[in-house]
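For reference, the chains in residue letters:
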Amino acid sequence: MINMHVCSAVKRVNCFHRSGFSTTGCNSSGSTYMVLFGLMQLLLSQLPSLHNIAWLSVVAVATSFGYSFISLGLCAAKWASHGDVRGTLAGASVDAPRDKAFNVLLALGNIAFSYTFADVLIEIQDTLKSPPAENKTMKRASLYGLSMTTVFYLLLGCTGYAAFGNDAPGNILTGLAFYEPYWLVDVANVCVIVHLAGAYQVFAQPIFARLESYVACRWPDAKIINATYYVRVPGRPSSSVPVAPLKLVLRTVIIMFTTLVAMLLPFFNAVLGLIGALGFWPLSVYFPVSMHIARLKIRRGEGRWYWLQAMSFVCLLISLAASIGSVQDIVHNLKTATPF
């Protein structure tokens, strides 16, 4: 879905550069780009595990720094061009107070999505070498990563709002906030595409592994499920490629499904907020808190137990509220959207 918006944004920016900002023929459908992205993920998904995509993760991190700093620089330049802080403390004006409340809830969902990484934390920790202990390395990496992420989000959010005020788009790069310099905007959007290619696999590989493990345990005697075949590479008789029918079919079905959903629901902020809201409490709060309680053997009724449960309950309410705001925005956008 995000990739579809980014590719369409690249095409529109180049069109505006050639034909002028007043032209009306620069809008295009992103379905073709979404299909191409899905085909690329089909190839990358056949890599066995996170160990085999370490290079892709490094490239994704590098490109994420690229488009982030470009976005921050463009917003800072826009702010400096008019010199004043635009916008109001109350935010963008809406027709009814309930719309303001839904927008706040949607924003909470987007923030929650930005910090949803607990579902891949253990898998990433398994790829680390020791000494030092993996948990200590991961704890330090999480602290630095979350700190840098928070500071950068605040910088970009505040700078972007100061630059555009209440007219700030939901996405600085794909929301057509900038047209020039077109080459720099294109570089940033290409960095987003590369980053998404890596991020998709980092989040999807653990899901693939869990589903494949479940299916293999559910039908342990089925040869078609647990077998691995080796296909010789043409021109290289001594080389062969392992092909597992279960991995090939299961991963293909999942990617085809997610690609179809992305094409049917091309709503950037709303879908992002819903994913973040649904994953925030169970993955980032409940699961880690439960592990912490079990590891330290915190007994029910202790002061720490009550504080942890209270925090978990508050985060559950936040997740539910953000889900409501995201669903409302999706329903609202469906009234005017055209699938594909």
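Residues numbered from 1 in each chain as written. Predicted model: local features only at pLDDT ≥ 70, side-chain atom pairs only at ≥ 80, totals over all residues. Heavy atoms only, no water.

Taking an unreviewed UniProt entry as the reference, the chain is identified by name as Amino acid transporter transmembrane domain-containing protein belonging to Aegilops tauschii subsp. strangulata. Quoted straight from UniProt, the Subcellular location (unreviewed entry) entry for the chain says "Membrane". (UniProt positions renumbered as here; feature names shortened; annotations may be inferred.)

Participant: Can you break down the side chain of Ser-142 residue by residue, with the values?
Facilitator: Within the secondary structure layout, Ser-142 lies in helix H6 (residues 134-164). Overall, the relative accessible area of 16% leaves Ser-142 in the buried class. Contacts of Ser-142, omitting those with residues within four sequence positions, involve Phe-117 and Leu-121. (Helix = DSSP H or I, 4+ residues; strand = E, 2+ residues; numbered from the N terminus. Buried < 20%, exposed > 50% of the residue type's maximum accessible area, 1.4 Å probe, protein only. Contact = heavy atoms within 4.5 Å.)

Participant: Report on H6, specifying residues and quantitative values.
Facilitator: Across its 31 residues, H6 extends 44 Å between first and last C-alpha, which sits within 8% of the 45 Å expected from 1.5 Å per residue. For H6, every residue scored as buried is listed here: Met-138, Ser-142, Phe-152, Thr-159, Gly-160, Ala-162, Ala-163 and Phe-164. Gly-165 occupies a position one or two residues after H6 and carries a positive phi of about 65 degrees. (Expected span 1.5 Å × (residues − 1).)

Participant: A description of the UniProt feature "transmembrane region" (unreviewed entry) in the chain should follow, citing residues and the corresponding values.
Facilitator: Per the UniProt record, the feature "transmembrane region" (unreviewed entry) sits at residues 30-47, 54-81, 143-163, 183-203, 248-268, 274-294 and 306-325. Each end of residues 143-163 is marked by a C-alpha atom, and these two atoms are 30 Å apart; helix forms 100% of the span and strand 0%. Secondary structure across residues 183-203 divides into 100% helix and 0% strand, with the first and last C-alpha atoms of the span separated by 30 Å.

Participant: If you had to explain the side chain of Ser-323 to someone new, which residues and values would you point to?
Facilitator: Position of Ser-323 relative to the elements: it lies in helix H11 (residues 303-334). One polar contact links the side chain of Ser-323 to the main-chain carbonyl oxygen of Ser-319, over a distance of 2.8 Å. Ignoring sequence-local partners within four residues, the contact set of Ser-323 consists of Leu-274, Ala-277 and Leu-278. (Polar contact = N/O pair within 3.5 Å; in protein donor to acceptor, adjacent residues only side chain to side chain.)

Participant: How would you summarise the environment of Thr-228 if you had to cite specific residues and measurements?
Facilitator: Mapping Thr-228 onto the fold places it in the loop between helix H8 (223-226) and strand E1 (229-233). Taking the C-alpha atoms as reference points, Thr-228 and Val-243, separated by 15 residues in sequence, lie 5.7 Å from one another. In contact with Thr-228, other than residues within four places in its own chain, are Pro-242, Val-243 and Ala-244.

Participant: Please give an account of the pattern of salt bridges that cites residues and values.
Facilitator: In total, this model carries three salt bridges according to the counting rule given. With a closest N to O distance of 3.2 Å, Glu-302 and Arg-299 form a salt bridge. Three or more residues are tied together by salt bridges with common partners; here these are Arg-299, Glu-302 and Arg-304. (Salt bridge = Lys/Arg side-chain N within 4 Å of Asp/Glu carboxyl O.)

Participant: If you had to explain the nonpolar core to someone new, which residues and values would you point to?
Facilitator: Among the nonpolar cores identified, the biggest contains 14 residues, and Met-34, Phe-37, Tyr-67, Leu-173, Ala-188 and Val-192 are the most heavily contacted of them. Those elements that place two or more of their residues in this core are helix H2 (31-44), helix H3 (54-82), helix H7 (182-218) and helix H9 (245-264). Residue contributions to this core peak at six residues, all from H7. Aside from chain neighbours lying at most four places away, what touches Tyr-67 is Leu-173, Ala-188, Cys-191, Val-192 and His-195. In terms of nonpolar packing, the next biggest core, distinct from the first, is built from nine residues, Phe-280, Ile-298, Trp-305 and Leu-308 among them. (Core = buried A, V, L, I, M, F, W, Y, C linked by side-chain atoms within 4.5 Å.)

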